[in-house]
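Chain by chain, the residues run as shown.
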Amino acid sequence: MMIDYSEKQSADPVLERVMSLDERYYMPVFGRRTPICIAKGEGAYLIDTAGRRYLDLIGGIAVNVLGHAHPALVKAICGQASSVIHCSNYYYNIPQAELAARLSALSGLQDARVFLCNSGAEANEAALKLARAYFYHKGQPRSKIISALNSFHGRTLATVTATGQTKYSEPFAPLPEGFIHVPYNDEEALKKVVDEKTCAVILEVIQGESGVILAHRSYLEQAERLCRQTDARFIIDEVQTGMGRTGKFMAYEHHEIKPDIVTLAKGLAGGVPIGAMVANGETAPGFHPGDHGSTFGGNPLACAAALAVLDTYEESDLVAKAKRTGEQLIQSLTQLSERQTAILEVRGMGLMIGIELRKPCAPDVKAALLEAGYLVGSVGQHMIRLLPPLILDESNIPPFISALERILPEVS
Ligand SMILES: *Cc1c(COP(=O)(O)O)cnc(C)c1O
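Residues numbered from 1 in each chain as written. Predicted model: local features only at pLDDT ≥ 70, side-chain atom pairs only at ≥ 80, totals over all residues. Heavy atoms only, no water.

> Would you mind going over the overall build of the protein chain in detail, with residue names and values included?
When you go through the protein chain residue by residue, the secondary structure sums to 14 helices and 17 strands. For a compact globule of 412 residues, the expected C-alpha radius of gyration is about 22 Å, and the protein chain comes in at 22 Å, within 12% of that figure. Projected onto its principal axes, the C-alpha coordinates of the protein chain cover approximately 65 × 55 × 45 Å. The buried share of the protein chain, taken over its 412 residues, is 53%. (Helix = DSSP H or I, 4+ residues; strand = E, 2+ residues; numbered from the N terminus. Rg over C-alpha atoms; globule rule 2.2 N^0.38 Å. Buried < 20%, exposed > 50% of the residue type's maximum accessible area, 1.4 Å probe, protein only.)

Rendered as structure tokens:
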């Protein structure tokens, strides 16, 4: 089905102006195909410059965990901004120290220490550097870093190299050395490459960017076992799966594993840029003073926002809510897939959900859902992806299912 946007564009002069500025001045990296311009948000809804309301089921790609304009987050950000936004890491600041203590406890790692930065890529970059520095300072340098095919770890040169999808790294050669990719969920392949020269194994508990692929429990256990046998550092990238997204604070808690390092970002400060790398007490001394740093990382504004998010999680028991809402959404979608042959499979955990379509019509389904007032993501041609705010209300599910039930036969 083709959707004609020409009418919509002429009805929204602000959108028209913004699109022409973007086309002329913004770096052409996104290939944006959704012609709406966001003006504001309220709870689980976004409102565009033409005044249309959309239920936000993609949540800024797993970022807007508290939805939009959440009063506790707004209050914390405004309060901190009127006090001090930034002061450099030459000095201590209160929110940074408090956030480090909170994340250390929430990580579940032994004697965990925290490094704060500004994005998921930076958190993973810090994790990879820490793993290398850990062996360097031991006087036994190791460089080999193992990651999975179809993984996603970020856009810096090191993290794009760790990312097991050449489409992200090909234009940027020469890439950093020492990175090896193995098929995800393949225990034998992992066993063949992890040895005494291995510096780190980095994995996601659910591969988000390649279409919501869940790790098998035995695979993660095997990865941990191989790391323990060889002393390689075990890194879990929780940038997307963390912050309660899957129904536990960290997705790795669904399994009987304990990584050495975990990384967080996306939802951590509810939309304010932040990243965190948390390492256990054995690994953290791998960084010596001067080895790593960040100008913005751990600044009072971002940390105050993160603390407000964590406080709200506790007060509203949001991780448990995400688990319940996610179970209901997955169940409703699974029931829909039994009535609708257009759906091949529904996968996911908590509020991290992929709807795999039988035919390559995901972009059309996404466009039709937009028309119906729902914002969703898509991966390639076959996958619709949902990463809604954790505050999503269960009452939003039936209307969404009805819209999807009406749209699927029309477009596929
Ligand atoms: C989004 C994402 C990243 C990169 O985060 P940025 O903030 O975009 O740098 C890394 N790992 C995973 C699993 C992600 O989903």
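> I'd like to hear about the state of the cysteines, residue by residue, with values.
Throughout the structure, instances matching the rule amount to zero disulfides. Here C199 stays unpaired: no disulfide links it, and the sulfur of C227, its closest cysteine neighbor, is 10 Å away. (Disulfide = S-S within 2.5 Å.)

> Hey, could you go over the site of the ligand for me, with residue numbers and the actual values?
With respect to spatial proximity, the complete set of residues near the ligand consists of S119, G120, A121, N124, F152, H153, G154, E204, D237, V239, Q240 and K266. Between the ligand and the protein, one listed contact pairs an oxygen atom with a backbone N or O atom of G120 at 2.8 Å. The backbone of A121 places a nitrogen or oxygen atom 2.7 Å from an oxygen atom of the ligand. Considering the ligand on its own, with 380 Å² of exposed area, one finds that the protein chains cover 82% of that surface. (Near = heavy atom within 4 Å. Polar contact = N/O pair within 3.5 Å; in protein donor to acceptor, adjacent residues only side chain to side chain. Areas by Shrake-Rupley, 256 points an atom, 1.4 Å probe, with all protein chains shown as cover.)

> Describe the packing of aromatic side chains, listing the residues and the values that go with them.
The full count for this structure, using the stated rule, is seven aromatic pairs. Centre to centre, the rings of Y26 and F30 are 6.1 Å apart; their planes meet at 20 degrees, and the pair counts as stacked. F30 sits in the exposed class, given a relative accessible area of 53%. Consider the rings of F249 and Y313, whose centres lie 6.4 Å apart with planes at 75 degrees: the pair is edge-to-face. In this pair, F249 sits in the loop between β10 (233-237) and β11 (261-264) while Y313 sits in helix α11 (residues 300-316), placing the two residues 64 residues apart along the sequence. Between R32 and the ring centre of Y26, over which it is positioned, the NZ or CZ distance is 5.5 Å. The ring centre of Y45 lies 4.5 Å from the NZ or CZ of R53, which sits over that ring. (Phe/Tyr/Trp six-rings, centres within 6.5 Å; stacked < 30°, edge-to-face > 60°. Lys NZ or Arg CZ within 6 Å of the ring centre and 35° of its normal.)

> Quick rundown of the packing of helix α13 (residues 362-371) against helix α14 (residues 397-411)? Include the residues and the values.
Between α13 and α14, the least distance of the axes is 10 Å, while the angle of their chain directions is 130 degrees. The orientation of α13 with respect to α14, classified from their angle, is oblique. Here α13 runs over α14; the crossing is right-handed. Of the residues in α14, those in contact with D364, V365, A368 and L369 of α13 are F400, A403, L404, I407, L408 and V411. By residue class, the composition of the contact of α13 with α14 is nine nonpolar, no polar and one charged. (Axes fitted to C-alpha atoms, helices over the stretch in contact; angles between N-to-C directions. Parallel < 35°, antiparallel > 145°, perpendicular 65-115°, else oblique. Left-handed = near helix turned anticlockwise from the far one by under 90°. Contact = heavy atoms within 4.5 Å. Nonpolar A, V, L, I, M, F, W, Y, C, P; charged D, E, K, R; others polar.)

> Outline a nonpolar patch on the surface, supporting the account with residue identities and numerical values.
A grouping of Y26, M27, V29 and F30 is seen on the molecular surface, where their side chains present a nonpolar patch of about 490 Å² in accessible area. Along the chain, M27 falls in the loop between α2 (13-25) and β1 (38-42). (Patch = residues over 30% accessible without salt bridge, like charges linked within 9 Å, V, L, I, M, F, W, Y side chains within 5 Å. Salt bridge = Lys/Arg side-chain N within 4 Å of Asp/Glu carboxyl O.)

> Talk me through the nonpolar core; I want residue IDs and the actual numbers.
Ranked by internal contacts, the top residues of the largest apolar core, which has 98 residues, are Y313, L333, V365, L386 and F400. Each residue touching V365, except ones within four places of it in the same chain, is listed here: L357, I384, L404, I407, L408 and V411. In this structure, A133, A158, C199 and A279 belong to the second largest nonpolar core, which totals 24 residues. (Core = buried A, V, L, I, M, F, W, Y, C linked by side-chain atoms within 4.5 Å.)

> Outline the pairing of strand β12 (residues 275-279), listing residues and values.
Counting buried positions along β12 gives five out of five residues, so the element sits mostly inside the fold. Judged by which residues are buried, β12 turns out to be covered on both faces: G275, M277 and A279 on one side and A276 and V278 on the other are all buried. Across four bridges, the pairing between β11 and β12 is antiparallel. In the sheet register, V262 faces β12, and the bridge partner there is V278. (Pairing = 2+ DSSP bridges.)

> Talk me through the pattern of salt bridges; I want residue IDs and the actual numbers.
Per the stated rule, a full pass over the model turns up 19 salt bridges. With a shortest N-O distance of 3.6 Å, K40 and E42 are connected by a salt bridge. A relative accessible area of 46% places K40 in the partly exposed class. Of the residues examined, E42 reaches a relative accessible area of 36% and is grouped as partly exposed. Taking the shortest distance from any N to any O, the salt bridge between R385 and E209 comes out at 2.9 Å. Of the two residues, R385 sits in strand β17 (residues 383-386) while E209 sits in the loop between β8 (206-207) and β9 (213-214), which places them 176 residues apart along the sequence. Taking relative accessible area as the criterion, R385 reaches 6% and is therefore assigned buried. When salt bridges that share partners are traced, they join K138, E224, R228, D231, R233, D260 and E282 into one network.

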